[in-house]
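Understanding the architecture of this molecule
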Amino acid sequence: MVGTSEESIRNRSGNGEALLPPGGHQAFLQELKAGLDAGQVTQDHEALTVYSVDQGPLLERHLPLAVVWAESVEDVQHIVRTCAAHQVPIVARGAGTGVSGGAHATQGCIVLGLERMNRILDLNPDDETAVVEPGVINADLNAAAAEHGLMYAPDPASYKMSTIGGNVATNAGGLRCAKYGVTRDSVLALDVVMADGSLMHTGHQTFKGVAGYDLTALLVGSEGTLGIVVGVTVRLKYLPREVHTIAAFYQDFRSAAAGVLAVGKARVQPAIMELLDNGTLVQLDEMHGGDLQTRGKSLLLIQTDGFGAAAEADVVRQVLAAGGATVTTEASEEAEMLVELRRNSRGAEVDDEFRVGEDIAVPRSRLVDFVAEVEAMAARFSVMLKVVAHAGDGNLHPTFWMERVDPVTDAAALERLNAALDESIRIGLEMGGTITGEHGVGQYKLRWLGLEQPEPLRELQRRIKELFDPQGILNPGKAI
């Protein structure tokens, strides 16, 4: 880990070239502060430390030169123009709930906090749209929409604290993806501050619109490397009048995964299909004092919604019971509670060098094969493993971890853990999968990106990045 005092931080671009001359920091900071109010810029060591990382594994710590909070679009434009003039990198940050290191500070950067831009600017129930600033919390938008019988469909597990801007940056998914899609499927338009400080509007207010290239879709999931999102126009969906939640316990993971496919063959489209392995049930019991692990070795949670929710739930129960599951047969408060436990199945865990939660997606038909392979691989490398999955779309979250013991033992454990991570990625790709379903590449997954995307494709992306950000100041060293 590198030193973190201000003196140890040199300003560098994404390719490692020095940016600011000696003494340039003060001139830059004075110009930055001149266009902002007091309290919007800090170099307080505690703040620098907190804002230097998100919840992803940390490869190398860098303290930013400063943390800067924007409160308006004009603030963001001033900050970006000042950084561009002095060639200072910018790492934009929402709530810091990302788990791939996409908001980790890079050397010589400022961290731009957008959480104070948290207004819902417009909510139009007739058009079923909302316009929000990037710092709006996902759950707060949902609460506002619910007053009109609407909802914002994307619901990452961190929805109670993650921001819409952060969701856009990573193209976040969530539990309802099986039916409603990911963030990109609900974003109609974006207001974006470009690398030169100019403001660009992309997209449209209508549900349909195919004029020109789809720059909105390009920007969603670009992890702050192409521009800084300062406004988001989203499509809202109807809040379901009726929801039925089903919990199905199985004696093994293979049978539970077969239940997922059986529901698909019955042509029922649940809103939520979540799969939890035995390791996850054990952990939930330890955290909440339950008895889940005594009732089965794997748990499949399914939620149907809408006017046909009851009829769909009846079909699901019949299909799962025929496959050997012990199924809840009534509107179950326990099943709804289990969905909330699933949302929080990561608990208070934060990924670090000894614990890494992965984000691999494979074709649904390969769920069983993937889990069987990684279970055998984890045993071979002597690493601990638990798996949860958004089974409706084949997105798995295996978590690998090792216990700290002593420096000598830890070094060997880390070597085995990294070997296991590399192997899990290889297995997923061989099955037609991807290295990240919803968390983004960030900083941590860059080492695997070349395994999925060939060099000509990566070079094209680098050329797009250069077009949007010629100086390379927007979140350097991330995403591509």
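Scroll up for the structure.
This text gives an overview of the structure that appears in the document. Note that the structure is predicted; figures quoted are calculated from it, not measured. (Residues numbered from 1 in each chain as written. Predicted model: local features only at pLDDT ≥ 70, side-chain atom pairs only at ≥ 80, totals over all residues. Heavy atoms only, no water.)

A look at the overall build of the protein
The number of helices and strands found in the protein is 15 helices and 19 strands. In terms of overall dimensions, the protein is globule-like: its C-alpha atoms have a radius of gyration of 23 Å, near the 23 Å expected for 480 residues. Over its C-alpha atoms, taken along the principal directions, the protein stretches across nearly 70 × 65 × 45 Å. Burial status across the protein gives 55% buried among its 480 residues. Pairs at least 24 residues apart make up 71% of the contacts formed inside the protein by residues separated by at least 6 positions. Split by element, the accessible area of the protein, about 20200 Å² in all, is 52% carbon and sulfur. The positive charge centre, built from 40 side chains, and the negative charge centre, built from 64, are 4 Å apart in the protein. (Helix = DSSP H or I, 4+ residues; strand = E, 2+ residues; numbered from the N terminus. Rg over C-alpha atoms; globule rule 2.2 N^0.38 Å. Buried < 20%, exposed > 50% of the residue type's maximum accessible area, 1.4 Å probe, protein only. Contact = heavy atoms within 4.5 Å. Areas by Shrake-Rupley, 256 points an atom, 1.4 Å probe, with all protein chains shown as cover. Lys, Arg positive; Asp, Glu negative; His and termini not counted. Charge placed at Lys NZ, Arg CZ, Asp CG, Glu CD.)

Observations concerning the pattern of salt bridges
Per the stated rule, a full pass over the model turns up 13 salt bridges. Salt bridges here are not isolated pairs; linked through shared partners, they connect Arg380, Glu423, Arg426 and Glu430. (Salt bridge = Lys/Arg side-chain N within 4 Å of Asp/Glu carboxyl O.)

Quick look at the environment of Ser298
In this fold, Ser298 is placed in strand S14 (residues 298-305). A relative accessible area of 0% places Ser298 in the buried class. With 134 residues separating them along the chain, Ser298 and Ile164 place their C-alpha atoms 32 Å apart. Not counting chain neighbours up to four residues away, the residues in contact with Ser298 comprise Ala248, Phe249, Tyr250, Asp252, Phe253, Ala256, Leu275, Leu276, Asp277 and Leu281. A polar atom in the side chain of Ser298 sits 3.0 Å from the backbone oxygen of Leu276. (Polar contact = N/O pair within 3.5 Å; in protein donor to acceptor, adjacent residues only side chain to side chain.)

Here we look at the sheet that holds strand S5 (residues 120-124)
Within a sheet, adjacent strands bond to each other through the backbone by hydrogen bonds, running parallel or antiparallel. Spatial strand order, S5-S6-S10-S8-S9: five strands in an open sheet with antiparallel pairing. With one partner strand each, in any of the chains shown, S5 and strand S9 (199-203) form the two edges of the open sheet. Each strand of the sheet is rotated relative to its neighbour by a mean of 10°, with strand direction disregarded. Packing of helix H3 (residues 73-86) onto the sheet brings it into contact with strand S8 (187-193), S9 and strand S10 (228-235), and relative to S10 it is tilted by some 145°. (Pairing = 2+ DSSP bridges. Axes fitted to C-alpha atoms, helices over the stretch in contact; angles between N-to-C directions.)

What about the packing of helix H8 (residues 253-265) against helix H12 (residues 367-381)?
Two elements in contact, H8 and H12, have axes separated by 9 Å at closest approach and are oriented at 160°. Taken together, the axis directions place H8 and H12 in an arrangement best described as roughly antiparallel. Handedness of the crossing formed by H8 with H12: right-handed. Across the interface between the two elements, Phe253, Arg254 and Ala257 of H8 pack against Leu367, Val368, Val371 and Ala372 of H12. (Parallel < 35°, antiparallel > 145°, perpendicular 65-115°, else oblique. Left-handed = near helix turned anticlockwise from the far one by under 90°.)

Details of unusual backbone geometry
Positive phi is not limited to glycine here, since Glu128 has a value of about 60°. As for its placement among the helices and strands, Glu128 is situated in the loop between S5 and strand S6 (129-132). Note on Glu128: relative accessible area 14%, which makes it buried. The phi angle at Glu223 is positive, at roughly 60°, despite the residue not being glycine. Note on placement: Glu223 falls in the loop between helix H7 (215-219) and S10. What makes Glu223 buried here is its relative accessible area of 9%.

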